[in-house]
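# Remarks on the overall topology
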Amino acid sequence: MKVAVTGSTGQLGTDVVQVFRESGRVEVVPLTHEQIEIASLESVRAALTACKPDAVINSAAFHQVDKCEDDPEQAFKVNAMGAWNVARVCSEIGAYCVYISTDYVFDGAKQLPYDEADAPMPLSAYGVSKLSGEYLTRSAAPGSLVARIASVFGKSGARGKGGNFIEAILKKAKAGENLKVVNDTPMTPTYTMDAALALLDLIHKRPAGILHVTNQPACTWFEFARKAVELCGLKVDCTPVTSDAFPSKVRRPTYSALSGRRLAEALSRPMRPWPEALRAYLVEKGHIS
Ligand SMILES: NC(=O)c1ccc[n+]([C@@H]2O[C@H](COP(=O)([O-])OP(=O)(O)OC[C@H]3O[C@@H](n4cnc5c(N)ncnc54)[C@H](OP(=O)(O)O)[C@@H]3O)[C@@H](O)[C@H]2O)c1
């Protein structure tokens, strides 16, 4: 099976390419931004018809949430129309299409883990553009999969954001700075290596619809940060604060944990608990041995 990966230099894309390649189960075609512009149907058609994949992981996105709020047109060009372009061409060439989406399609009102049947209600331009990408993918490529991930951490760091939350926390902690971390917005973090392993199994099983692909269970950013600091043996104060301490022009869900029940059924195994995934990440990055 041949699998093309858009956003192949990104935080998730890098590990999807590595895990797929190392599995020996698929041939991988990484597509960098230089090789494919998903906002252009012509570019997508040229890139995908040239490599003729059996499946496409569409991980490319404009996901700097603040910038999307300032420039919703660009957010829609990439996250919505880009998704449609990729899905359309997948449909033309008979490839299975996987669109990577986000927990930001929810508003948080549920205050319990969201499952795939819950109605989305995004609060930000980014969230609306990604939800549109979900709908456009599913309508242009029947049989496609929307894989929602959240609070991503992986060795390469987010290209658009210049790193990830854990690296930012550890940088401060290693500099001896005490930490104040938000403790009122539960979420389910996603280790890119684990998401990539799940996606590898999913492209062979080809489920259609939506799946939540995150580590479990829910935690707050404070709990996530405190665990990273503890695992690294760093002695700094870590204080829980409310999100009011970090004012933002972007409305974010106050609760965005995603249920892993349906994924566990689809894979016949659950995603591992986030503390185990975090430990593996810290080893991979050389923070601990
Ligand atoms: N990071 C998170 O916390 C998070 C949470 C939930 C969901 N997600 C979703 O997960 C996916 C992967 O995120 P990530 O953290 O891996 O992002 P990332 O590190 O910023 O990577 C995005 C990739 O997409 C490429 N790209 C951007 N615009 C493109 C375009 N118009 N055409 C083609 N390629 C383009 C980028 O290339 P250049 O850098 O060269 O432009 C980069 O390789 C995205 O769909 C995102 O919405 C992320």
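Presented here is a report on the structure given in the accompanying data block. (Residues numbered from 1 in each chain as written. Predicted model: local features only at pLDDT ≥ 70, side-chain atom pairs only at ≥ 80, totals over all residues. Heavy atoms only, no water.)

What follows covers helix 6 (residues 165-174). Within helix 6, the full set of buried residues consists of Ile-166, Ile-169, Leu-170 and Ala-173. Taken around the axis of helix 6, the buried residues stretch over an arc of 95°, which confines them to a single face. Summarising the contacts, the buried residues of helix 6 are in contact with strand 6 (152-153), strand 7 (179-182), helix 8 (221-231) and helix 10 (274-284). N-cap assignment for helix 6: the residue whose side-chain oxygen lies 3.1 Å from the backbone N of Ile-166 is Asn-164. Backbone geometry just after helix 6 places Gly-176 at a positive phi near 85°. (Buried < 20%, exposed > 50% of the residue type's maximum accessible area, 1.4 Å probe, protein only. Helix = DSSP H or I, 4+ residues; strand = E, 2+ residues; numbered from the N terminus. Arc of directions from axis to C-beta. Contact = heavy atoms within 4.5 Å. Polar contact = N/O pair within 3.5 Å; in protein donor to acceptor, adjacent residues only side chain to side chain.)

On to the site of the ligand, then. Around the ligand, a shell composed of 27 residues is seen, among which Thr-9, His-33, Glu-37, Tyr-126 and Arg-159 lie nearest. One nitrogen or oxygen atom from the side chain of His-63 is found 2.9 Å from an oxygen atom belonging to the ligand. Mapped by element, the contributors of at least two residues to the shell around the ligand are helix 1 (11-23), strand 4 (96-102) and helix 5 (125-140). The leading source of residues in the shell around the ligand is strand 4, at three residues. Broken down by class, the residue content of the shell around the ligand amounts to 12 nonpolar, 11 polar and four charged. (Near = heavy atom within 4 Å. Nonpolar A, V, L, I, M, F, W, Y, C, P; charged D, E, K, R; others polar.)

Scope: geometric values only; no functional claims are made or implied.
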